[in-house]
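# Structural overview
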2 protein chains.
Amino acid sequence: MVVGIIGLGLIGGSMAIDLRRRGFADKVYGVEAESVNAAAAEKIGLVDKVMDLESCIRESDLLVIAVPVGTAARMLPRILDSFAAEEGCRKVVMDVCSTKENLAKVSRYHKMRSCYVASHPMAGTEYSGPWAAMPGLFDGRACIICDSEESSPRAVKMVEDLYAALNMRVTYMNSSNHDVHTAYVSHISHVTSFALALTVLDKEKDEKHIFDLASGGFSSTVRLAKSNADMWVPILTQNRDNVLRAVDTYIEKMQAFRDAIADYDEDKVRELIEDANRIKRIIR
Amino acid sequence: MVVGIIGLGLIGGSMAIDLRRRGFADKVYGVEAESVNAAAAEKIGLVDKVMDLESCIRESDLLVIAVPVGTAARMLPRILDSFAAEEGCRKVVMDVCSTKENLAKVSRYHKMRSCYVASHPMAGTEYSGPWAAMPGLFDGRACIICDSEESSPRAVKMVEDLYAALNMRVTYMNSSNHDVHTAYVSHISHVTSFALALTVLDKEKDEKHIFDLASGGFSSTVRLAKSNADMWVPILTQNRDNVLRAVDTYIEKMQAFRDAIADYDEDKVRELIEDANRIKRIIR
């Protein structure tokens with residue numbers, strides 16, 4: 001099997017490493033718009049060859065779109081256009097983006113829709129680019145396949161096999177539910193980290209103090225604030241309505257804390273903390 | 001040297017382990033109000049003996065107050081009362097609490113004030129109790145000694161030696177500045193985690209979804225929400241004014257994100273994220 005990965009950043013690059021290493025792909029080809037990243041990906045040996053998009057579509061059996069979701073939404077119909085209708089789903093295209101409804105919309109009525117599988121491997125770090133790619137990134141993590149009834153069984157099977165090689169736990173849901181859940185379980189935690197970094201940077205003009213005083217707790221809470229704007233601007237804007245609902249609930253909860261502290265209401269502060277502690281049951 | 005540790009939780013228990021192991025203390029005695037914790041601390045062997053407060057004061061050269069800050073504020077004057085004035089600072093008492101101004105207030109005019117050293121070792125985990133105690137917890141972390149000019153040089157030296165044995169980087173500041181800085185670098189990040197947990201638990205009634213979908217990023221951002229109410233209620237209420245200022249700034253930043261996303265203002269979202277990314281320069 002020849003896998004073509006479009007976008008050799010953290011996710012695409014890490015996939016390239018493990019898909020070859022674990023024998024899922026005989027060859028991995030890559031497409032990378034940034035020339036510096038393309039050169040790095042070839043030098044590091046992430047892929048067998050970096051080529052242009054047209055060649056990669058022609059040479060590959062399975063195409064993986066691993067670019068920011070705004071670009072992916074423009075690219076997906078173009079790739080489906082290039083698939084020859086008479087060949088059925090000999091070629092398959094999948095994406096790995098963090099929002100799914102928009103991609104569902106741009107592909108829904110395409111005549112080759114069944115050759116596309118929507119997926120979201122929930123793994124990553126706060127780093128980006130081909131240098132951030134690493135083996136084992138996906139092991140044991142959750143992966144969501146969306147709207148699988150819209151894809152041909154053969155295409156779904158190919159993508160399931162890929163995620164099995166990456167050792168991921170696959171869950172199925174429709175793209176609309178996906179975007180609601182990820183707003184709460186992933187997107188909002190990035191926004192809270194960004195806001196925390198902004199708050200501390202705003203108030204602690206002397207960066208040495210932050211450095212000296214930062215505990216492990218602060219570092220872990222602010223870690224996601226290092227995340228890349230190219231990836232997160234389209235996620236937050238494409239999942240706008242769900243993210244806004246999550247942010248509004250979040251601001252309400254912060255306000256409840258604020259009021260309880262302002263009122264010296266220790267019982268209320270305790271109740272809020274103990275309520276929040278229930279997360280222990282879920283997150284180890 | 002005999003060290004008496006009052007409160008055998010995560011911090012007190014972890015100190016007990018390393019102070020004995022590294023030869024700073026010949027004996028470590030403990031005081032623990034919760035009988036279950038006291039039995040556990042003796043069984044685990046955290047301390048040589050658990051005893052009542054009066055005996056511990058009598059037997060120890062250096063007393064470490066490692067209880068929640070509300071209790072500490074009631075206990076500190078009582079311990080200083082028990083020190084005999086004619087003996088100078090033969091005995092020394094220190095605390096390890098996360099807020100310092102309140103303790104400064106209750107001790108400021110005590111005739112034995114110079115036998116007290118205020119300190120805050122900035123280390124911990126989200127777990128609590130003697131079972132959470134661990135060796136090496138303090139290694140390489142920051143520690144703040146407050147108002148050291150109010151303490152006798154001998155007392156300060158004793159506490160500095162203790163933190164040297166724990167391998168901590170010591171910083172000096174007054175208790176009022178301490179409480180401002182920790183509000184931004186530590187306390188607010190706990191509030192943001194509690195609020196995040198409440199938001200997700202509120203919206204994701206089906207806990208299985210949270211479990212299935214939680215990525216490493218969400219887990220690290222929500223980790224502090226497991227923190228203990230007995231410790232955090234007094235911290236947040238005793239550092240009320242600074243915490244409120246931090247929370248207000250934080251809500252402003254969240255609101256700025258909200259507005260930019262609501263307005264489809266991708267440039268503004270990007271600007272906020274890139275601004276937040278500056279935290280990379282400070283937190284490795």
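Note that this is a predicted model, so its numbers are computed, not measured. (Residues numbered from 1 in each chain as written. Chains lettered and ligands numbered in written order. Predicted model: local features only at pLDDT ≥ 70, side-chain atom pairs only at ≥ 80, totals over all residues. Heavy atoms only, no water.)

### A word on the pairing of strand 4 (residues 62-65) of chain B
Residue and element names in this part refer to chain B. Both faces of strand 4 are covered, namely the face carrying Leu62 and Val64 and the face carrying Leu63 and Ile65. The pairing of strand 4 with strand 5 (residues 92-95) spans four bridges and is classified as parallel. Note that in strand 5 the partner of isoleucine 65 across the bridge is aspartate 95. Tracing the backbone out of strand 4, into helix 4 (residues 69-82) and back to the parallel element strand 5 gives a crossover that is right-handed. (Buried < 20%, exposed > 50% of the residue type's maximum accessible area, 1.4 Å probe, protein only. Helix = DSSP H or I, 4+ residues; strand = E, 2+ residues; numbered from the N terminus. Pairing = 2+ DSSP bridges. Right-handed = clockwise from strand over helix to strand, strands pointing away.)

### Focus: the relation of the copies chain A and chain B
Between chain A and chain B, which share one sequence, the superposing operator has a rotation angle of 180° and an axial displacement of 0.0 Å; the RMSD is 0.0 Å. One copy is carried onto the other by what is essentially a two-fold rotation axis. Of the C-alpha atoms belonging to chain A, the one lying closest to the rotation axis is found on threonine 221 of chain A, 2.2 Å away. Counting the interface residues of chain A, we find that 99% of their copies in chain B are interface residues as well, pointing to one common contact surface. (Least-squares fit on C-alpha atoms with pLDDT ≥ 70 in both. Contact = heavy atoms within 4.5 Å.)

### Describing the pairing of strand 5 of chain B
If a strand is regular, its side chains alternate between the two faces of the sheet. Residue and element names in this part refer to chain B. Side chains Val92 and Met94 of strand 5 all project onto a buried face; the interleaved residues Val93 and Asp95 project onto the opposite face, where all are buried too. As judged from the three bridges shared by strand 5 and strand 6 (residues 116-121), these two strands associate in the parallel manner. When the sheet's bridge partners are listed, aspartate 95 is paired in strand 6 with alanine 118. For the crossover that starts at strand 5, traverses helix 5 (residues 101-107) and ends in the parallel strand 6, the hand is right-handed.

### Here we look at the state of the cysteines
Counted under the stated rule, the structure contains two disulfides over all chains. Between the sulfur of cysteine 89 of chain A and that of cysteine 115 of chain A lies a disulfide, 2.2 Å long from S to S. Where cysteine 89 of chain A bonds to cysteine 115 of chain A through sulfur, the torsion about that S-S bond is close to -85°, and the disulfide is left-handed. Separated by 26 residues along the polypeptide, cysteine 89 of chain A in the loop between helix 4 (69-82) and strand 5 (92-95) and cysteine 115 of chain A in the loop between helix 5 (101-107) and strand 6 (116-121) bring together distant segments of the chain. Take cysteine 89 of chain A and cysteine 115 of chain A: they sit in the same class, and that class is buried. With no disulfide of its own, cysteine 97 of chain B lies closest to cysteine 146 of chain B among cysteine sulfurs, the gap being 11 Å. Judged by its relative accessible area of 4%, cysteine 97 of chain B is buried. (Disulfide = S-S within 2.5 Å.)

### A short note on the nonpolar core
Within the largest apolar cluster, 144 residues are counted, with the highest numbers of intra-cluster contacts made by Phe218 and Phe257 of chain A together with Ile79, Phe218 and Phe257 of chain B. Among the nonpolar cores identified, the runner-up in size contains 40 residues, and Leu8, Leu19, Ala41 and Ala155 of chain B belong to it. (Core = buried A, V, L, I, M, F, W, Y, C linked by side-chain atoms within 4.5 Å.)

### Some thoughts on the environment of glutamate 204 of chain A
Tracing the backbone shows glutamate 204 of chain A in the loop between helix 7 (175-203) and helix 8 (207-213). Residue class for glutamate 204 of chain A comes out buried when judged on its relative accessible area of 3%. Spatially, the C-alpha atoms of glutamate 204 of chain A and alanine 164 of chain A are 46 Å apart, while their sequence positions differ by 40 residues. Discounting residues that sit within four places of it in the chain, glutamate 204 of chain A has contacts with His209 and Ile210 of chain A together with His181, Tyr184 and Val185 of chain B.

### Overview of a negative patch on the surface
All names here are of chain A. A contiguous patch of negative charge, built from Asp259, Asp263, Asp265, Glu266 and Asp267, is present on the exposed surface. Here aspartate 267 lies in helix 12 (residues 266-276). Relative accessible area serves as the criterion here: at 63%, aspartate 267 is assigned to the exposed category. (Patch = residues over 30% accessible without salt bridge, like charges linked within 9 Å, V, L, I, M, F, W, Y side chains within 5 Å. Areas by Shrake-Rupley, 256 points an atom, 1.4 Å probe, with all protein chains shown as cover. Salt bridge = Lys/Arg side-chain N within 4 Å of Asp/Glu carboxyl O. Lys, Arg positive; Asp, Glu negative; His and termini not counted. Charge placed at Lys NZ, Arg CZ, Asp CG, Glu CD.)

### A look at helix 4 of chain B
Residue and element names in this part refer to chain B. With 14 residues, helix 4 extends 20 Å from end C-alpha to end C-alpha; this agrees with the ideal 20 Å at 1.5 Å per step. Taken as a whole, helix 4 carries its principal kink of about 30° at methionine 75; the proline proline 77 stands between one and four residues after it. Val69, Gly70, Ala72, Ala73, Met75, Leu76, Ile79 and Leu80 are the residues of helix 4 that are buried. (Expected span 1.5 Å × (residues − 1). Bend = angle between axes of the 7 residues up to and from the residue.)

### Topic: the side chain of histidine 187 of chain B
Structurally, the position occupied by histidine 187 of chain B is in helix 7 (residues 175-203). Looking at histidine 187 of chain B, its side chain comes within polar contact range of the side chain of asparagine 239 of chain B, at 3.2 Å. (Polar contact = N/O pair within 3.5 Å; in protein donor to acceptor, adjacent residues only side chain to side chain.)

By themselves these figures say nothing about function.
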